[in-house]
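The lines below spell out each chain.
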Amino acid sequence: MHKQLMIGAAALAVLLSSAGILFADPDGREVMENVYNRPTGEEMRADLTMTLTNSRGNTRVRELVQFSLDTGEVEKRLMFFLSPADVKDTSFMSWSYDDTRDDDQWIYLPALRRVKRISSDSKNDRFMGSDFTYEDLGERHPAEDRHTILREERISGESCYVVESIPVSDDDAFSKTVSWIAKEKWIGLKKEYYNESGEVYKVLTIDKFEKIEGYWVITEMLMKDLGRDHSTRIEMEN
């Protein structure tokens, strides 16, 4: 009987140990993989308003429509500029792959009546004068960085993992990023971009997100370039 109790205690210890493994906090790489793999639905259409604000407080407003399609292997996104007249009919397409391949991106320039492919050398260029780069508009694969959880913190009422991500390659415009990732929802609520001097030069904040047809969708974001004192707000409707 005593031996049976010992065996039972040992089995329970193994079970509890296994449960501890199953419910252990994720590491930095797992957190960012959860963000990358967060379900977003197979297809979506949305109206976008992009507001650019300069250091003097002057604004430029652009209206767009966006379509996206996720085939399971590649997420295809297409954006059309509707107004104002100087950007009307410009369009941008991005294909983001589930593997570690770089995004494929193209922009159609109506004044030239031609499609231009965005090269890897241009991924850090600003998109249509905004504070978003072409890379920001794509999907960065977790394998492109080394990720470390720095701490846990609450922002905007959400409990978050704060994750530092350092690029594996040397061709990125930033030396590292620090992201605040909402637990369970796996949405990045804030992201700081650091230059080679270790200073924050750009900050992305998510101001609104909501559940639409069962999927968490970001509906308002703000990118601020601290050096230029310039910002770009994107709002999504419909």
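Within each chain, residue numbers correspond to sequence positions counted from 1 in written order. Only residues with pLDDT of at least 70 get local features here, since the model is predicted, and only at 80 or more are side-chain atom pairs given and counted; chain-wide, interface and lining totals rely on the full set of residues. Neither water nor hydrogens contribute to the side-chain values; these are computed over all heavy atoms in the structure.

### Considering the pairing of strand 2 (residues 59-70)
Side-chain direction in a regular strand flips from residue to residue, so the side chains alternate between the two faces of the sheet. Of the strand pairs in this sheet, strand 1 (residues 43-53) and strand 2 are connected by eleven bridges, and their pairing is antiparallel. Bridge assignment links Thr53 to a residue of strand 2, and that residue is Thr59. What makes two strands pair is DSSP finding at least two bridges between them. A run of H or I in DSSP becomes a helix once it reaches four residues, and a run of E becomes a strand once it reaches two; helices and strands are each numbered from the N terminus. A loop of five residues connects strand 1 with strand 2, the two strands running antiparallel in sequence, and Gly57 in this loop sits at a positive phi of about 90 degrees. Two strands pair when backbone bridges link them, and strand 2 and strand 3 (residues 74-83) are joined in this way by eight bridges, in the antiparallel orientation. Among the inter-strand pairings, Glu63 is bridged to a residue of strand 3, identified as Ser83. With antiparallel pairing between neighbouring strands as the criterion, strand 2 and strand 3 make up a hairpin whose turn holds three residues, including Gly72 at a positive phi of roughly 100 degrees.

### Observations concerning the packing of aromatic side chains
Pairing of aromatic rings covers Phe, Tyr and Trp, the last through its six-membered ring, and needs centres within 6.5 Å; plane angles under 30 degrees mean stacked, over 60 mean edge-to-face, and all others mean tilted. Counting across every chain of the model gives ten aromatic pairs. Judged by centre distance (5.9 Å) and plane angle (45 degrees), the rings of Phe81 and Phe127 are tilted. Of this pair, Phe81 sits in strand 3 while Phe127 sits in the loop between strand 6 (114-117) and strand 7 (145-155), and the two are 46 residues apart along the sequence. Residues Trp95 and Trp106 carry aromatic rings whose centres are separated by 5.7 Å and whose planes lie at 75 degrees to one another, so their mutual orientation is edge-to-face. One end of the pair, Trp95, is in strand 4 (residues 91-97); the other, Trp106, is in strand 5 (residues 104-109), with eleven residues separating them in the sequence. Residue class for Trp95 comes out partly exposed when judged on its relative accessible area of 26%. Through successive ring pairs, a cluster of aromatic residues spans Phe81, Phe92, Phe127 and Tyr134. Over the ring of Tyr194 we find Lys176, and its NZ or CZ is 4.7 Å from the ring centre. Only lysine NZ and arginine CZ atoms are considered, and such an atom sits over a ring when it is within 6 Å of the ring centre and within 35 degrees of the ring normal. The ring of Tyr161 has Lys183 sitting right over it, with the charged end atom 4.9 Å from the ring centre. Working definition: with a 1.4 Å probe on protein chains only, accessible area under 20% of the residue-type maximum means buried, over 50% means exposed, and in between means partly exposed.

### Thoughts on the pattern of salt bridges
Close approach of charged atoms allows side chains of opposite charge to pair. One speaks of a salt bridge when a side-chain nitrogen belonging to Lys or Arg is within 4 Å of a carboxyl oxygen belonging to Asp or Glu. Under the counting rule described, the total for this entry stands at 23 salt bridges. Here Glu192 makes a salt bridge to Lys190, at a shortest N to O gap of 3.7 Å. According to the relative accessible area criterion, Glu192 is buried, its value standing at 13%. Note that Asp225 and Arg228 form a salt bridge whose closest N and O atoms lie 3.7 Å from each other. Put simply, Lys123, Glu135, Arg140, Glu144, Asp145 and Asp172 are held in one network by salt bridges that share partners.

### Side note on the side chain of Ser165
Its place among the elements puts Ser165 in strand 8 (residues 158-167). As used in this structure description, the phrase polar contact means that two N or O atoms lie within 3.5 Å; if the pair is within protein, one of them must be able to donate a hydrogen and the other to accept it, and residues adjacent in sequence are counted only when both atoms belong to side chains. Here His147 takes part through its side chain, which lies 2.7 Å from a polar atom of the side chain of Ser165. Any two residues whose heavy atoms approach within 4.5 Å at even a single point are treated as in contact. Not counting chain neighbours up to four residues away, the residues in contact with Ser165 comprise Met32, Asp145, Arg146, His147, Lys176 and Thr177.

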